[in-house]
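# Structural overview for review
Residues per chain, in single letters:
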Amino acid sequence: SRLPSVLQALRYQRDPLGYFEPLRRRYGDVFSLHFPYFGHLVYVADPHAVKRVFTGDPAVFHAGEANATVLEPALGPNSVLTLDEDEHLRQRKLILPPFHGASVTRYGELIRQITERDIESWPRDREFSLRPHTQQITLAVILRAVFGIADGERLEHASRLVDEFARRSHLPTTIPVLRRHLGRFSPWTRFVRAREALDDLIYEEIAGRRADPGAGERDDVLSLLLQARHDDGSPMSDTELRDELVTVVGAGHETTATALAWALERLLRTPRVLSRLRDSIEAGEDDYLDATVKETLRARPVIVDVARKLTAPAEIGGYLVPGGTIVLPAIAALHYREDLYPDPQEFRPERFIDGKADHYAWIPFGGGVRRCAGAAFAQYEMRIVLRTILERAELAAPDPRPERVTPRNITLAPGKGCRVLLERLR
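In short, a report on the structure. As a convention, each chain's residues are numbered from 1 in the sequence order in which they are written. Owing to the predicted nature of the model, reporting of local features is limited to residues with pLDDT of at least 70; listing and counting of side-chain atom pairs is limited to 80 or more, with chain, interface and lining totals taken over all residues. Side-chain metrics in this entry use all non-hydrogen atoms of the structure; hydrogen atoms and water are not considered.

## Topic: the overall build of the protein
This is how the line gets drawn: We count a stretch as a helix when DSSP gives it H or I for four or more residues in a row; a strand needs E for two or more, and each element gets its number in order from the N terminus. Restricting the calculation to C-alpha atoms gives the radius of gyration, and the globule rule supplies 2.2 Å times the number of residues raised to the power 0.38. We call a residue buried when its accessible area falls under 20% of the maximum for its residue type, exposed when it is over 50%, and partly exposed in between, using a 1.4 Å probe and counting protein chains only. It only takes one pair of heavy atoms within 4.5 Å for two residues to be counted as in contact.
Helix and strand counts for the protein stand at 17 helices and twelve strands. Scaling as 2.2 N^0.38, a compact globule of 426 residues should have a C-alpha radius of gyration of about 22 Å, and the protein matches this with 21 Å. Projecting the C-alpha coordinates of the protein onto the three principal axes gives extents of approximately 55 × 55 × 45 Å. Of all 426 residues assigned to the protein, the portion counted as buried reaches 55%. Considering only residue pairs separated by 6 or more positions, the protein has 70% of its internal contacts joining residues 24 or more positions apart.

Next comes the structure, spelled out in structure tokens:
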């Protein structure tokens, strides 16, 4: 597209979900855009080309380098999201086990308790936004399950620090030119203060856990990571632990909270689906609930794209793309292709009942060796939270019109935060 980069950015801000599919239809499955600061970007919206990107040589397709342009100030240089090649695989091997299999399901009762406690605080006599509540739920889950913080005061203090860090991260990550000190109230200075305060808390938790003789018996993720060893037998350093814990907060808190808000926003505007989901939950079945989670992530992807930076020229979708280019599988465009998902605007979980989601046509968590390490945990948490809410609360949408898709930090969120009215608690 030949529009000036500032106009491209404004069009994207106005309609981030609907922005890419018209471009794909007009220019083809591989197209390029110019954005302020990021320059020339190549978008890919075809499953075969996406597979090429996800399974390409990790030495050529650098995800860490691409992510670092936005995320490194917050996550640090040791994050699994900002590393590449051998260093990335080395770190991924350590953080993957706590987020898979039985390690995930052990937190089910904790997630349910946290959700039920939050439901009790919902307003009974007025409409309210649900997303701040799903944020509280997912943050409490992370602080309890990942950090192992159980003390009430400590939990509250940690919640405030994470919330401040998340709010202050928005401008410096999305507008890199602001990454400079311009006085004590400038966005960058406030961000650095919030980052330092959160780091102090994290290093205190790490030191306390290292000194705890019973840490080996605990099942929170921090304790499990402290027991993990690199191939040479060395443990993770404090800075490695810090970067991975902040990554979990950033990648697993706001994203899951936003996906939960979208699930309720879509369900309340699709009575047929809501009714079938309630029936299936009452029957003790999980298939339709799992399909609803997958359809939510298709219809309202929380992240609009994933990125790779080419270290050398590469053939993608019939084009030779120069080295140095940032290539982005376009999640939104892919998820709204009519040939892949007939009637893509319709919220229809049945799409995922009969077969598994295609690895290269359904990519809310990315793919290949860079697929989100917390994908299983996020979907499991969504299922528990949704089941608990639908079992306990009857909600209504005050406005039947769909909520607008709005950029919030690195996520695409409901414009009004998923406004609801609590009609009855069961």
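## Concerning the environment of Ala 63
Mapped onto the secondary structure, Ala 63 falls in helix H4 (residues 63-75). Taking C-alpha positions, Ala 63 is 21 Å from His 253, a pair spaced 190 residues apart along the chain. Apart from residues lying up to four places away in sequence, Ala 63 is in contact with Leu 81, Asp 84, Ala 307, Arg 308 and Arg 370.

## Topic: the pairing of strand S10 (residues 405-408)
Here is the key point about a regular strand: its side chains alternate between the two faces of the sheet. As a reminder of what qualifies: When DSSP locates at least two bridges between a pair of strands, those strands are taken to pair.
As paired elements, S10 and strand S11 (residues 411-414) share four bridges and run antiparallel to each other. If you follow Val 405 over to S11, its bridge partner there is Pro 414. Between S10 and S11, which pair antiparallel and follow one another directly, the connecting turn spans two residues, one of which, Asn 409, has a positive phi of 55 degrees.

## Details of unusual backbone geometry
The phi dihedral of Glu 85 falls on the positive side, at around 55 degrees, and the residue is not glycine. One can find Glu 85 in helix H5 (residues 85-95). Overall, the relative accessible area of 35% leaves Glu 85 in the partly exposed class. Positive phi, normally seen in glycine, also occurs at Cys 418, with a value near 65 degrees. With respect to the helices and strands, Cys 418 occurs in the loop between S11 and strand S12 (419-425).

## Notes on the sheet that holds S12
Taken in spatial order, the three strands line up as S4-S12-S9 in an open sheet, and their pairing is antiparallel. Of all the strands in the sheet, just strand S4 (128-129) and strand S9 (393-396) have a single pairing partner and so form its edges. Two strands pair when backbone bridges link them, and S9 and S12 are joined in this way by four bridges, in the antiparallel orientation. The partner of Ala 396 across the bridge, within S12, is Leu 421.

## Quick notes on helix H12 (residues 238-252)
Stated formally: Each helix should span, by expectation, one fewer than its residue count multiplied by 1.5 Å.
Taking 1.5 Å of rise per residue, 15 residues should cover 21 Å, and H12 covers 20 Å from first to last C-alpha, within 8% of that figure. By the criterion of burial, H12 is predominantly enclosed, with eleven of the 15 residues buried. By the burial criterion, the buried members of H12 are Glu 240, Leu 241, Arg 242, Asp 243, Glu 244, Leu 245, Val 246, Thr 247, Val 248, Val 249 and Gly 252.

## Quick look at the sheet that holds strand S5 (residues 308-310)
How we decide: Note on method: axes are straight lines fitted to C-alpha atoms, helices fitted across the in-contact stretch only, with angles between N-to-C directions ranging 0 to 180 degrees.
Taken together, five strands build an open sheet; the order of strands is S1-S2-S8-S5-S3 and the sheet is mixed. The two strands at the open ends of the sheet, each matched to only one other strand, are strand S1 (30-35) and strand S3 (61-62). Taken together, the two bridges between S3 and S5 define a ladder with antiparallel strand orientation. Bridging from a neighbouring strand, Phe 61 pairs with Leu 310 of S5. Sheet contacts for helix H2 (residues 20-27): S1 and strand S2 (39-44); angle to S1, the most-contacted strand, approximately 125 degrees.

## Describing the nonpolar core
Which entries qualify depends on this criterion: To define a nonpolar core, start from buried Ala, Val, Leu, Ile, Met, Phe, Trp, Tyr and Cys residues and group those joined through side-chain atoms within 4.5 Å.
Phe 20, Leu 33, Tyr 43, Trp 122, Leu 130, Phe 147 and Leu 395 are the most contacted members of the largest nonpolar core, which totals 113 residues. Counting residues per element, this core draws most heavily on helix H17 (residues 375-392), which supplies ten residues. Aside from chain neighbours lying at most four places away, what touches Trp 122 is Phe 128, Leu 130, His 133, Ile 389, Ala 393, Leu 395 and Leu 422. Membership of the second largest hydrophobic core comes to 18 residues, among which are Val 53, Leu 310, Val 327 and Leu 334.

## Focus: helix H7 (residues 108-119)
With twelve residues, H7 should cover 16 Å at 1.5 Å per step; its first-to-last C-alpha distance of 17 Å lies within 8% of that length. At its buried positions, H7 is contacted by helix H6 (102-105), helix H8 (131-146), H17 and S12.

## Structural notes on the packing of helix H14 (residues 271-282) against helix H15 (residues 287-299)
Between two packed helices, the angle of one axis relative to the other and the distance separating the axes together describe the packing. Counted only if it meets this: Small angles under 35 degrees read as roughly parallel and large ones over 145 as roughly antiparallel, with 65 to 115 read as roughly perpendicular and the rest as oblique. Three classes are used, and their members are as follows: Ala, Val, Leu, Ile, Met, Phe, Trp, Tyr, Cys and Pro are nonpolar, Asp, Glu, Lys and Arg are charged, and the others, Gly among them, are polar.
For the pair H14 and H15, interaxial distance at closest approach is 8 Å and the crossing angle is 140 degrees. Classed by the angle they form, the pair H14 and H15 counts as oblique. Where H14 approaches H15, its residues Arg 272, Val 273, Arg 276, Leu 277 and Ser 280 are matched on the opposing element by Tyr 288, Leu 289 and Thr 292. Taken together, the residues of the contact of H14 with H15 sort by class into four nonpolar, two polar and two charged.

## Regarding the packing of aromatic side chains
Keep this limit in mind: For Phe, Tyr and Trp, where Trp contributes only its six-membered ring, two rings pair if their centres lie within 6.5 Å, and the inter-plane angle classes them as stacked under 30 degrees, edge-to-face over 60, or tilted in between. Throughout this description, the term charge over a ring refers to an Arg CZ or Lys NZ atom that lies within 6 Å of the ring centre and within 35 degrees of the ring normal.
Inspection of every chain in the model, using the stated rule, returns twelve aromatic pairs. Residues Phe 99 and Phe 377 carry aromatic rings whose centres are separated by 5.9 Å and whose planes lie at 85 degrees to one another, so their mutual orientation is edge-to-face. Taken together, the residues span a long stretch of sequence, with Phe 99 in the loop between H5 and H6 and Phe 377 in helix H17 at a distance of 278 residues. Here the two residues Phe 99 and Phe 377 agree in accessibility, since each one is buried. Ring centres of Tyr 341 and Phe 352 lie 6.3 Å apart, and the angle between their planes is 45 degrees; on these two criteria the pair is classed as tilted. With Tyr 341 in the loop between helix H16 (331-335) and H17 and Phe 352 in the loop between H16 and H17, this residue pair connects regions lying eleven residues apart in the sequence. Here Tyr 341 falls in the buried class, since its relative accessible area comes to 7%. The buried category is assigned to Phe 352, whose relative accessible area is 9%. Ring-pair connections join several aromatic residues into one group, and the members of that group are Tyr 19, Phe 20, Phe 31 and Tyr 43. Geometry around Trp 262 places Arg 300 over its ring, the cationic atom sitting 5.1 Å from the centre.

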